[in-house]
Amino acid sequence: MKKQVSQLNVAGKKVLVRVDFNVPHKGEVISDDNRIAAAVPTIVELLNKGAKVVLMSHLGKIKWGKVDDAEIEKEKRANDLKIAIEPLKKHLKNALGKDVSVSFSEETRGESLKAKVDALKDGEVLLVQNTRYEKGETKNNPELSAEWASLVDAYVMDAFGSAHRAHASTVGVPTLLKEQGKETAVGFLVEKEIKALSNCVDCKEENRPYIAILGGAKVSDKIQVIDSLLKKCDKILIGGGMSYTFKYALGNKVGKSICEKDQAEYAKKCYETGKIVLPVDTVIADGTFDDPTNIHQIETPIGGNQGIPDDFEGLDIGEKTAELYCKEIENAKTIFWNGPMGVFEKEQFQAGTIAVCKACVEATKKGAFSVIGGGDSAAAAKQFGYSKEFSHVSTGGGASLELIQFDGHLPGIDDIEDC
Ligand code: AMP
């Protein structure tokens with residue numbers, strides 16, 4: 001068990017909190033502030049303890065190494081609306097309440113950053129510019145980690161969405177502080193994520209059947225987690241683009257559907273475990289992706305060279321499949337869902353994802369423990385108005401998959417002290 005933020009003795013101390021403020025925003029307009037709201041309880045706990053709080057987060061991607069460094073400097077200094085953290089300050093201040101002082105550091109290292117950290121009074125917050133403005137962040141650069149670690153007396157990991165990345169701010173800093181005998185802990189958000197996802201890592205007999213629902217675009221993105229889930233759950237219901245790779249592997253025609261032929265052998269091996277359930281019908285269309293035509297449903301029984309005609313593409317599970325999957329889900333006691341059943345962004349191909357979503361909610365009402373593993377399925381559940389009715393919606397797509405894959409271990413959590 002990891003030390004918790006509530007166990008820290010940090011009155012009058014400087015505490016670096018790694019938060020995940022990687023929110024979709026345009027300047028001060030934030031389209032989904034879930035991640036900021038989710039970090040508030042940990043920050044408030046530390047402020048109530050009389051700590052001086054230094055917040056660090058990444059925001060978006062910076063193409064270090066892919067384009068000229070000078071280009072990146074230009075982009076950063078132009079304060080690109082997508083990657084600058086300062087616009088989030090106002091929102092954070094509103095979330096923390098008007099009595100909390102929140103200042104900002106444009107500098108991500110150096111004397112000026114140190115001076116701002118040292119000037120903090122007990123109960124004040126300093127928000128630091130995007131950690132990825134530093135080239136060494138994603139490389140877990142030892143000098144950068146040492147500099148950031150030297151600024152503070154303690155560290156809290158509350159960025160679940162980044163806990164699967166071994167970066168300077170997620171692994172380098174806490175590892176050094178721990179070696180120096182300083183306190184490290186997980187925040188309330190990470191604690192909640194670990195607790196909820198542990199049900200999907202190690203499912204007790206009384207919480208079975210354990211059903212995993214996997215969809216989304218590609219098999220290759222989720223190979224490792226499929227392997228791991230096959231050992232942990234009772235059945236995996238496959239939908240979305242990845243179902244066509246399985247169908248292709250079993251001898252069906254898949255037309256123009258998304259299909260990774262090089263994964264066919266792996267898909268066949270998975271199917272042979274007897275735990276994989278595949279669609280029996282599918283919604284297909286021709287025309288272009290943006291302007292699909294001839295939308296209709298066909299049956300897609302396994303094998304026998306049957307399937308989707310050459311000019312057509314499979315874009316959602318069909319009604320019979322939805323019914324079959326809903327029956328499985330309604331009997332489940334533990335549910336892990338990652339990846340939509342079809343191209344849910346388009347109205348014509350939403351039905352499968354909505355049906356699965358509803359079935360998870362019904363099962364939850366009957367007492368099942370249901371988890372959405374972040375990413376697009378969380379976006380879909382939110383879009384259709386069901387997110388609040390799941391037992392847990394993870395804030396980290398990649399992190400929740402890796403937590404299951406590595407039996408509860410993630411680099412950004414393993415480096416925190418045990419208690
Ligand atoms: P992922 O990030 O792997 O969960 O993939 C999510 C994406 O998969 C969403 O943008 C969906 O539109 C897309 N998707 C789901 N089903 C299909 C399909 N049958 N064909 C193409 N894309 C799909």
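Reading the values: rules and limits
- Residues numbered from 1 in each chain as written.
- Predicted model: local features only at pLDDT ≥ 70, side-chain atom pairs only at ≥ 80, totals over all residues.
- Heavy atoms only, no water.
- Helix = DSSP H or I, 4+ residues; strand = E, 2+ residues; numbered from the N terminus.
- Rg over C-alpha atoms; globule rule 2.2 N^0.38 Å.
- Buried < 20%, exposed > 50% of the residue type's maximum accessible area, 1.4 Å probe, protein only.
- Contact = heavy atoms within 4.5 Å.
- Near = heavy atom within 4 Å.
- Polar contact = N/O pair within 3.5 Å; in protein donor to acceptor, adjacent residues only side chain to side chain.
- Areas by Shrake-Rupley, 256 points an atom, 1.4 Å probe, with all protein chains shown as cover.
- Nonpolar A, V, L, I, M, F, W, Y, C, P; charged D, E, K, R; others polar.
- Pairing = 2+ DSSP bridges.
- Axes fitted to C-alpha atoms, helices over the stretch in contact; angles between N-to-C directions.
- 1 Å grid on protein atoms, 1.4 Å probe; cavity = no way out; pocket = protein on both sides within 12 Å on 5 of 7 lines; lining within 4 Å.
- Points joined across faces, edges and corners; volume = space filled by probe spheres on them.
- Patch = residues over 30% accessible without salt bridge, like charges linked within 9 Å, V, L, I, M, F, W, Y side chains within 5 Å.
- Salt bridge = Lys/Arg side-chain N within 4 Å of Asp/Glu carboxyl O.
- Lys, Arg positive; Asp, Glu negative; His and termini not counted.
- Charge placed at Lys NZ, Arg CZ, Asp CG, Glu CD.
- Core = buried A, V, L, I, M, F, W, Y, C linked by side-chain atoms within 4.5 Å.

Caption draft 1: Region of the structure containing the overall build of the chain. The number of helices and strands found in the chain is 15 helices and 19 strands. The globule rule puts the C-alpha radius of gyration for 419 residues at 22 Å, and the 23 Å found for the chain is close to it. Seen along its three principal axes, the alpha-carbon backbone of the chain occupies a region of about 70 × 50 × 40 Å. A burial count over the chain gives 55% of its 419 residues as buried. In the chain, of all internal contacts separated by at least 6 residues, the share reaching a separation of at least 24 is 75%.

Caption draft 2: The site of the ligand, seen in detail. Around the ligand, 15 residues are found, and the nearest of them are Ala-217, Lys-222, Gly-314, Glu-345 and Asp-376. Between the ligand and Lys-222, the relevant distance is 3.1 Å, taken from an oxygen atom to a side-chain nitrogen or oxygen of the residue. Contacts to the ligand include Glu-345, whose side-chain N or O atom sits 2.5 Å from an oxygen atom. Relative to its unbound accessible area of 500 Å², the ligand is 82% covered by the protein chains. Across the shell around the ligand, the residue classes tally to six nonpolar, six polar and three charged.

Caption draft 3: Representation of helix α8 (residues 223–232) in the model. Here α8 lies mainly inside the structure; seven of its ten residues are buried. All of the buried residues in α8 are Ile-223, Val-225, Ile-226, Ser-228, Leu-229, Leu-230 and Lys-232.

Caption draft 4: Fine view of the sheet that holds strand β5 (residues 102–105). Spatially, the six strands line up as an open sheet ordered β5-β6-β4-β1-β7-β8, and their pairing is parallel. Edge positions in the sheet fall to β5 and β8 (183–186), since each has one partner strand and no second. Averaged over all pairs of adjacent strands, the angle between their axes in this sheet comes to 20°, without regard to strand direction. In terms of strand pairing, strand β1 (residues 14–18) meets strand β7 (residues 154–157) through four bridges, oriented parallel. Bridge assignment links Leu-16 to a residue of β7, and that residue is Tyr-155. Strands β4 (52–56), β5 and β6 (125–128) of the sheet are contacted by helix α3 (residues 88–96), whose axis makes an angle of about 155° with β5. Contacting β1, β4, β5 and β6, helix α4 (residues 111–118) runs over the sheet at an angle of about 160° to β6.

Caption draft 5: Looking closely at the layout of surface pockets. Reported here for the largest pocket is a volume of approximately 760 Å³. Along the wall of the largest pocket there are 25 residues; nearest its centre are Asp-32, Asn-34, Val-393, Ser-394 and Thr-395. For the lining of the largest pocket, the secondary structure elements donating two or more residues are α1 (34–48), α7 (188–201), α13 (375–383) and β19 (392–393). Ranked by the residues each element gives to the lining of the largest pocket, the list is headed by α13, at four residues. Of the residues assigned to the lining of the largest pocket, the class counts are eight nonpolar, eleven polar and six charged.

Caption draft 6: Seen up close, a positive patch on the surface. Positive charge collects at one region of the surface, where Lys-26, Lys-61, Lys-63, Lys-66, Lys-82 and Arg-165 lie side by side. Structurally, Lys-26 can be placed in strand β2 (residues 25–26).

Caption draft 7: How the structure looks around the nonpolar core. Membership of the largest hydrophobic core comes to 58 residues, with the highest contact counts inside it found for Ile-226, Leu-229, Ile-236, Phe-246 and Phe-336. Of the residues forming this core, the biggest block, five residues, is contributed by α8. Those residues in contact with Ile-236, other than ones at most four positions away along the chain, are Ala-212, Leu-214, Ile-226, Leu-229, Leu-230, Lys-275, Ile-276 and Val-277. With 31 residues, the next largest nonpolar core counts Leu-88, Leu-92, Leu-96 and Val-156 among its residues.

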